[in-house]
Amino acid sequence: MISRRGFLGRAGLLAAGLTLERTAPGATVPAQGALDPRTLTPWVDALPLPEVLRNSGLRASSDKPDVQLPFYRVAMREIHQKVHRDLPPTRMWGFNNSSPGPIFETRSGEGLIVEWANELPTKHFLPIDHTLHGAELDKPEVRSVVHLHGGRTPAASDGYPEDWVVPGKSLVYHYPNRQDAALLFYHDHTMGINRLNIYAGMQGLFVVRDEVEDRLNLPAGKYEIPLLLYDRFLHTDGQMEYPVSPDPKVPWVPEIYSNAMLANGKLFPYVDVEPRRYRLRVMNGSNARFFRISMGSLLEMHQIGSDQGLLPAPVSMKRILLAPAERTDFVFDFSAHAGEKILLQSDSFQILQFRVATSGTTDTSSLPQTLRPVVRIAESQAVKTRRLTLDETMNGVQESMGMMLNKTPWHMPVTEKPVLNTSEIWELVNLTEDAHPIHLHLVRFQVLDRRTMDKFHYQDKGELRFYGPAVAPGPDEMGWKDTVRCEPGTVTRIIVPFEGYAGRYVWHCHILEHEDNEMMRPYEVIAPSATQG
């Protein structure tokens, strides 16, 4: 275990090529009965592919009662699911009897309605910290509300953290899907226990497709593989353990990093592939771990997309860095590896084995030199620039007590009120020792640049003193994003068009332990006729 004080931070570790094999400072994980994944035989379970959801008829839209939309009912339930052949079934919470949940296959502009039904038990099986805002003792132990991450969604269907329901109740949400093709995901977003519900298994993938993507003739059907990756602590009896602090009254810890790496809910799975091009849609579903994805011994991957869809052109990559909630879309050509076994890895962690057949069908797919135009937004189009800090509060022994955005707790009045159909620049000033993946609900945005600065001078004087010039994003970040990595001691600038809907949304760090302990704030998109804040 390594103290975070004076520590490089995740970004520094990754830049140095080191791994992230640690738990949070002060966290306790019972050693007796803890599973050592290296004792298991790898590559004995086939990679599960999520079931594709089928609608159960049509239902009227809430905002347009005369419009009938496909209707889906998805139930949140406790399940017991095997993560490895040689382990007993693991207790989890999932959607429609699986974790990750089933996958939505949708098309741009074709809306749908989902009833999210809470059929969970009334007692939580992971440790609740009742000192956290929104998780007090007067709240029911088991609550849930679902957020479609990356969705351009009306506020009433966005999954506001305080709009939770208890077992026996449900929420009906409308997803218009008026957005470009992209890999999104849905997950629990309950105030104060979000990290526990997702750790228990409550997340799944949501794919939006469109005609622009169709025309590119990318690998499709069985040659497109969705991968939801995340880490968990497991015992030898197959059960999950969520690390806690030494104080049972305040069990929250600032981050967790586990040593069992799961792909679509399996530990060390394999997948059979043909010697041809495949499209891999990968999402980081961990609570806190950053992945650095590679294929084999740093074989070439062609990244074609990120959070909010396709890049302007393919980018040759040897490694792809993914913070929690970030997605990547890449094409890998197995044609030169017939008969081989290739591992998908994250630094020292082996996650998935590809078994390449000696022959296969003729590959008629394409990898076009251009994908989808992404017009860069001129900074001059921004009507406002906001400077917002990422902060950490410490106790007397220099251990984290929690994180904040702009030194403002969740319950304080809304301070960010962008006007609908205008663009703003947000300067995210990271004064902590961690890299934070910052997510804004509703919108997509573009990364402008990053610039290192003297954070101690800023804390002392409130002035930005930079160490060097601004660094533009790499080609892998030149598409549309909804989650941005903010490195320690760095100002990260994004330009955000606030399009879609007026209403109250949230922005937050997607390290779930941070989000659950005050590193989340509401913001409100207001109609042009209202007074701008």
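Below or above, wherever it landed, is the structure these notes cover. (Residues numbered from 1 in each chain as written. Predicted model: local features only at pLDDT ≥ 70, side-chain atom pairs only at ≥ 80, totals over all residues. Heavy atoms only, no water.)

## Observations concerning the overall build of the protein
Move 1: Check the secondary structure of the protein and you find five helices and 32 strands.
Move 2: Computed over C-alpha atoms, the radius of gyration of the protein comes to 22 Å, within 12% of the 24 Å expected from 2.2 N^0.38 for 533 residues, which places it in the range of a compact globule.
Move 3: The C-alpha extent of the protein, read off along each of the three principal axes, is 65 × 55 × 55 Å.
Move 4: A total of 533 residues make up the protein; the buried ones form 61% of that total.
Move 5: Residue pairs in contact within the protein that sit at least 24 positions apart in sequence constitute 77% of those at least 6 positions apart.
Move 6: Summed over all atoms, the accessible surface of the protein reaches about 19900 Å², with 51% contributed by carbon and sulfur.
Move 7: Side-chain charges of the protein comprise 56 positive and 64 negative groups, with the mean position of each set lying 1 Å from the other. (Helix = DSSP H or I, 4+ residues; strand = E, 2+ residues; numbered from the N terminus. Rg over C-alpha atoms; globule rule 2.2 N^0.38 Å. Buried < 20%, exposed > 50% of the residue type's maximum accessible area, 1.4 Å probe, protein only. Contact = heavy atoms within 4.5 Å. Areas by Shrake-Rupley, 256 points an atom, 1.4 Å probe, with all protein chains shown as cover. Lys, Arg positive; Asp, Glu negative; His and termini not counted. Charge placed at Lys NZ, Arg CZ, Asp CG, Glu CD.)

## Topic: the pairing of strand 7 (residues 146-149)
Move 1: The alternating pattern of strand 7 places V146 and L148 on one face and H147 and H149 on the opposite face, and all of these are buried.
Move 2: Bridge analysis of strand 7 against strand 9 (residues 182-188) gives four bridges, and the strand direction is antiparallel. What sits directly across from V146, in strand 9, is D188. (Pairing = 2+ DSSP bridges.)

## A word on the side chain of H508
Move 1: In this structure, H508 sits in strand 31 (residues 503-509).
Move 2: One polar contact links H508 to H189, side chain to side chain, over a distance of 3.2 Å. (Polar contact = N/O pair within 3.5 Å; in protein donor to acceptor, adjacent residues only side chain to side chain.)

## Here's the deal with the pattern of salt bridges
Move 1: For the structure on display, the rule yields 40 salt bridges.
Move 2: Taken together, the salt bridges that share partners define one network made up of D307, E326, R327, R450, E477, K481, D482 and R485. (Salt bridge = Lys/Arg side-chain N within 4 Å of Asp/Glu carboxyl O.)

## Quick notes on the pairing of strand 21 (residues 327-333)
In the case of a regular strand, side chains alternate between the two sheet surfaces.
Move 1: Of all seven residues in strand 21, six are buried, a share of seventy percent or more.
Move 2: In this structure, strand 18 (residues 301-306) lies alongside strand 21, joined through three bridges in antiparallel fashion. The residue bridging Q303 from the neighbouring strand is F330, located in strand 21.

## Thoughts on the sheet that holds strand 23 (residues 349-356)
Move 1: Ordered in space as 1-15-23-22-17-20, the six strands form an open sheet in which the pairing is mixed. At either end of the open sheet lies a strand with only one pairing partner, and these are strand 1 (45-46) and strand 20 (320-322).
Move 2: Sheet analysis places strand 22 (residues 341-346) next to strand 23, joined by six bridges and oriented antiparallel. Its bridge partner being in strand 23, L344 is matched across the sheet by L352.

## A look at the side chain of E513
Move 1: By secondary structure assignment, the location of E513 is in helix 5 (residues 512-515).
Move 2: For the buried E513, no salt bridge exists, and the shortest N-O distance to an oppositely charged side chain is 5.0 Å, to R195.
Move 3: Here N287 takes part through its side chain, which lies 2.9 Å from a polar atom of the side chain of E513.
Move 4: Here E513 is in contact with R195, Y242, W252, V253, P254, E255, I256, N287 and A288, once residues within four sequence places are set aside.

## Re the state of the cysteines
Move 1: Taken as a whole and judged by the stated rule, the model has zero disulfides.
Move 2: Between C486, a free cysteine, and C509, which holds the nearest cysteine sulfur, the sulfur-to-sulfur gap is 8.6 Å.
Move 3: On the accessibility criterion, C509 (0% relative accessible area) is buried. (Disulfide = S-S within 2.5 Å.)

## Comments concerning the environment of S99
Move 1: You can see S99 is positioned in the loop between strand 4 (90-95) and strand 5 (104-107).
Move 2: Put simply, S99 and V212 are 113 residues apart on the chain and 31 Å apart in space, counted from C-alpha to C-alpha.
Move 3: The contact partners of S99, leaving out residues within four places of it in the chain, are I79, Q81, M92, W93, G94, G201, Y230, N264 and G265.
Move 4: In this structure the side chain of S99 is engaged in a polar contact, spanning 2.8 Å, whose partner is the backbone oxygen of G201.

## Overview of the nonpolar core
Move 1: Core analysis: the biggest nonpolar cluster contains 63 residues, and F104, W116 and F206 have the highest contact counts within it.
Move 2: A per-element tally of this core places strand 9 first, with five residues.
Move 3: For F206, the contacting residues outside a window of four places in its chain are I103, F104, T106, L112, L148, Y175, N177, A182, L183, L184, F185 and Y186. (Core = buried A, V, L, I, M, F, W, Y, C linked by side-chain atoms within 4.5 Å.)

## Focus on the packing of aromatic side chains
Move 1: Under the counting rule described, the total for this entry stands at 22 aromatic pairs.
Move 2: When the ring of Y173 is compared with that of Y175, the centres are 6.4 Å apart and the planes differ by 85°; the resulting orientation is edge-to-face. Grouping residues by exposure puts Y173 and Y175 together as buried.
Move 3: Aromatic pair Y223 and Y278: ring centres 5.3 Å apart, planes at 75°, arrangement edge-to-face. Of this pair, Y223 sits in the loop between helix 3 (211-214) and strand 11 (224-234) while Y278 sits in strand 16 (residues 277-284), placing them 55 residues apart in sequence. Each member of the pair, Y223 as well as Y278, is classed as buried.
Move 4: Each member of the aromatic cluster is reached from another via a ring pair, and the members are Y72, F95, F104, W116, Y173, Y175, Y186 and F206.
Move 5: It is R276 that lies over the ring of Y223; its NZ or CZ is 3.5 Å from the centre. (Phe/Tyr/Trp six-rings, centres within 6.5 Å; stacked < 30°, edge-to-face > 60°. Lys NZ or Arg CZ within 6 Å of the ring centre and 35° of its normal.)

## Quick notes on the environment of E518
Move 1: Position of E518 among the secondary structure elements: in the loop between helix 5 and strand 32 (520-525).
Move 2: Each C-alpha atom, one on E518 and one on L132, is 8.2 Å from the other, the two residues being 386 residues apart in sequence.
Move 3: In contact with E518, not counting residues within four places along its chain, are H133, M403, M404, L405, T408, P409 and W410.
Move 4: Here the side chain of E518 touches W410 through a polar contact of 2.8 Å, landing on its backbone nitrogen.

## Some details on the sheet that holds strand 9
Move 1: One open sheet holds the four strands; their spatial order is 5-10-9-7, and the pairing between them is mixed. A single partner strand is all that each edge strand has here, and the edge strands are strand 5 and strand 7. Taking each pair of neighbouring strands and ignoring which way they run, the sheet shows an average axis angle of 25°.
Move 2: Pairing of strand 9 with strand 10 (residues 203-209), which is carried by six bridges, proceeds in the antiparallel orientation. When the sheet's bridge partners are listed, F185 is paired in strand 10 with L205. (Axes fitted to C-alpha atoms, helices over the stretch in contact; angles between N-to-C directions.)

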